[in-house]
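Residue-level listing of the chains:
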Amino acid sequence: MSSFLRQTYGQRIQNHTNPAAKLLLETMERKKTNLAVSVDVVKSKDFLAIIDAVGPFVCLVKTHIDILEDFDYSTIQRLQDLSVKHDFVIFEDRKFADIGNTVALQYSSGVHKIANWSHITNAHPVPGPSIISGLSSVGLPLGRGLLLLAEMSTRGALATGSYTEDAVRMARANRDFVIGFIAQRTMEGVGLQSHSVDNDDFLTLTPGVGLDSKGDAMGQQYRTPRQVILESGCDVIIVGRGIYGKDPSLVDEIKLQAQRYREAGWQAYQERISAHV
Ligand code: S5P
């Protein structure tokens, strides 16, 4: 197993210059959690209640702000207050995919003004490196970080092979802003002939995680925290329905599930960093 995967989250802070990457690693180390919760509900009340319930157990909260049917900018203020109260990083899962000029506007403006409040966002590499230039023109001065979708969790995903390798090359060429990947395994060394890159430490955030289910009826595929963190070398498990289930009002159950995933993720990480070669 390679060196970065054996380092602790705390040790890896020094491998990064981007403030959002440092903040995430510091938070993981401080709170002893590699759990991120994806809060995909449509009512602001449920959205905020779930975040308040899982807050103590997570390093990061992932949002799809555009699915809130009663969105009002005050929800963002409440989200930020919860982020301070519970000490977690905010990741708006916007999956930008357009030309540089358009994504810069989508990121900075509109109803949601994502760059104002989201420490981290993500983009599909499909338009090529110009998508990074567009987003970094807005996000870099604000200390934000970007994840590239190098792979996806869904059955039949097209982000494989040379597409994935090219995504990693794009990231290596833009280390100041690109802090890592949405992927199903570590991208360390991907596409390299030998270890010709000095610092290939990127963060890998991984959705498609579930302890009780193998997938859903719409192509989602789940693996366990152990498979993701220990066997595939990813850093953060992203869990949505596995934690809040079908009923977002069952706060005690949500807390229990968050604790359960947090423990599974942290145990897999501890096994990873203590593993003998
Ligand atoms: O490949 C991916 C990338 C992402 S960001 N597969 C995913 O499922 N996601 C997101 O992770 C997806 O948009 C959703 O918000 C979350 C998974 O939710 P769950 O309820 O299936 O755990």
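Bear in mind the structure is a predicted one, so any value in this text is a computation, not a measurement. (Residues numbered from 1 in each chain as written. Predicted model: local features only at pLDDT ≥ 70, side-chain atom pairs only at ≥ 80, totals over all residues. Heavy atoms only, no water.)

(A) A look at helix H9 (residues 161-172). Taking 1.5 Å per residue as the helical rise, H9 with its 12 residues ought to reach 16 Å, and the 17 Å between its terminal C-alpha atoms agrees with that figure. Among all positions in H9, only Thr164, Ala167, Val168, Met170, Ala171 and Arg172 are buried. Lining the buried residues of H9 we find helix H8 (130-139), strand E5 (145-149) and strand E6 (178-182). (Helix = DSSP H or I, 4+ residues; strand = E, 2+ residues; numbered from the N terminus. Expected span 1.5 Å × (residues − 1). Buried < 20%, exposed > 50% of the residue type's maximum accessible area, 1.4 Å probe, protein only. Contact = heavy atoms within 4.5 Å.)

(B) A look at the site of the ligand. Of all residues adjacent to the ligand, which total 15 residues, the nearest are Asp40, Lys62, Ser153, Tyr222 and Arg241. One nitrogen or oxygen atom from the side chain of Asp40 is found 2.6 Å from an oxygen atom belonging to the ligand. The contact in question runs from an oxygen atom of the ligand to an N or O atom on the side chain of Tyr222, over 2.6 Å. In isolation the ligand exposes 500 Å². Once the protein is present, 91% of that is buried. Grouping the constituent residues of the shell around the ligand by class yields five nonpolar, five polar and five charged. (Near = heavy atom within 4 Å. Polar contact = N/O pair within 3.5 Å; in protein donor to acceptor, adjacent residues only side chain to side chain. Areas by Shrake-Rupley, 256 points an atom, 1.4 Å probe, with all protein chains shown as cover. Nonpolar A, V, L, I, M, F, W, Y, C, P; charged D, E, K, R; others polar.)

(C) Quick look at the nonpolar core. In terms of nonpolar packing, the biggest core is built from 83 residues, with Leu24 and Leu205 touching the most fellow members. The residues touching Leu24, leaving out its near neighbours within four places in the chain, are Cys59, Leu60, Val89, Ile120, Leu203, Leu205 and Val236. (Core = buried A, V, L, I, M, F, W, Y, C linked by side-chain atoms within 4.5 Å.)

(D) Quick look at the pattern of salt bridges. Enumeration according to the criterion identifies 15 salt bridges in this entry. For Asp216, the salt bridge is made with Arg241, and the minimal N-O distance between the two is 2.9 Å. Placement of the pair is Asp216 in the loop between strand E7 (203-206) and helix H10 (225-231) and Arg241 in helix H11 (residues 241-244), with a sequence separation of 25 residues. Overall, the relative accessible area of 41% leaves Arg241 in the partly exposed class. Notably, a salt bridge pairs Arg226 with Glu271, separated by 2.7 Å at the nearest N-O pair. You can see Arg226 sitting in helix H10 and its partner Glu271 sitting in helix H12 (residues 251-274), a full 45 residues away along the chain. (Salt bridge = Lys/Arg side-chain N within 4 Å of Asp/Glu carboxyl O.)

(E) Local environment of the UniProt feature "active site" (unreviewed entry) in the chain. Cross-referencing UniProt, the feature "active site" (unreviewed entry) maps to Asp93, Lys95 and Asp98 in the present numbering. If you trace the backbone, Asp93 turns up in strand E3 (residues 89-96). With respect to the helices and strands, the residue Lys95 is situated in strand E3. For Lys95, the contacting residues outside a window of four places in its chain are His64, Asn122, Ala123, His124, Leu149 and Met152. Polar contacts involving the side chain of Lys95 include one to the side chain of Asp93, which spans 2.9 Å. (UniProt positions renumbered as here; feature names shortened; annotations may be inferred.)

(F) Focus on the state of the cysteines. All chains considered together, the criterion is met by zero disulfides. A disulfide-free cysteine, Cys59 has its sulfur positioned 13 Å from the sulfur of Cys234, the nearest such atom. Cys234 gets classed as buried once you look at its relative accessible area, which sits at 0%. (Disulfide = S-S within 2.5 Å.)

(G) Representation of the environment of Val41. As for its position among the elements, Val41 is in the loop between strand E1 (35-39) and helix H4 (44-54). When the C-alpha positions of Val41 and His64 are compared, they lie 8.5 Å apart, and in sequence the two are 23 residues distant. For Val41, the contacting residues outside a window of four places in its chain are Asp46, Phe47, Ile50, Ile67, Leu68, Tyr244 and Pro248.

(H) Highlighting H4. Of all 11 residues in H4, eight are buried; the element is thus mostly enclosed. Taken together, the buried positions of H4 are occupied by Ser44, Asp46, Phe47, Leu48, Ile50, Ile51, Ala53 and Val54.

(I) Structural detail: unusual backbone geometry. A positive phi angle is found at Lys32, which is not glycine, with a value near 55 degrees. For Lys32, a relative accessible area of 43% puts it in the partly exposed group. Of note, the phi angle at Lys113 is positive, near 45 degrees, even though the residue is not glycine. In this fold, Lys113 is placed in the loop between helix H6 (100-108) and helix H7 (114-117).

(J) Structural view of the environment of Pro125. Among the secondary structure elements, Pro125 is positioned in the loop between strand E4 (120-123) and H8. Apart from the residues lying within four places of it in its own chain, the contact partners of Pro125 are Leu149, Tyr163, Ala167 and Met170.

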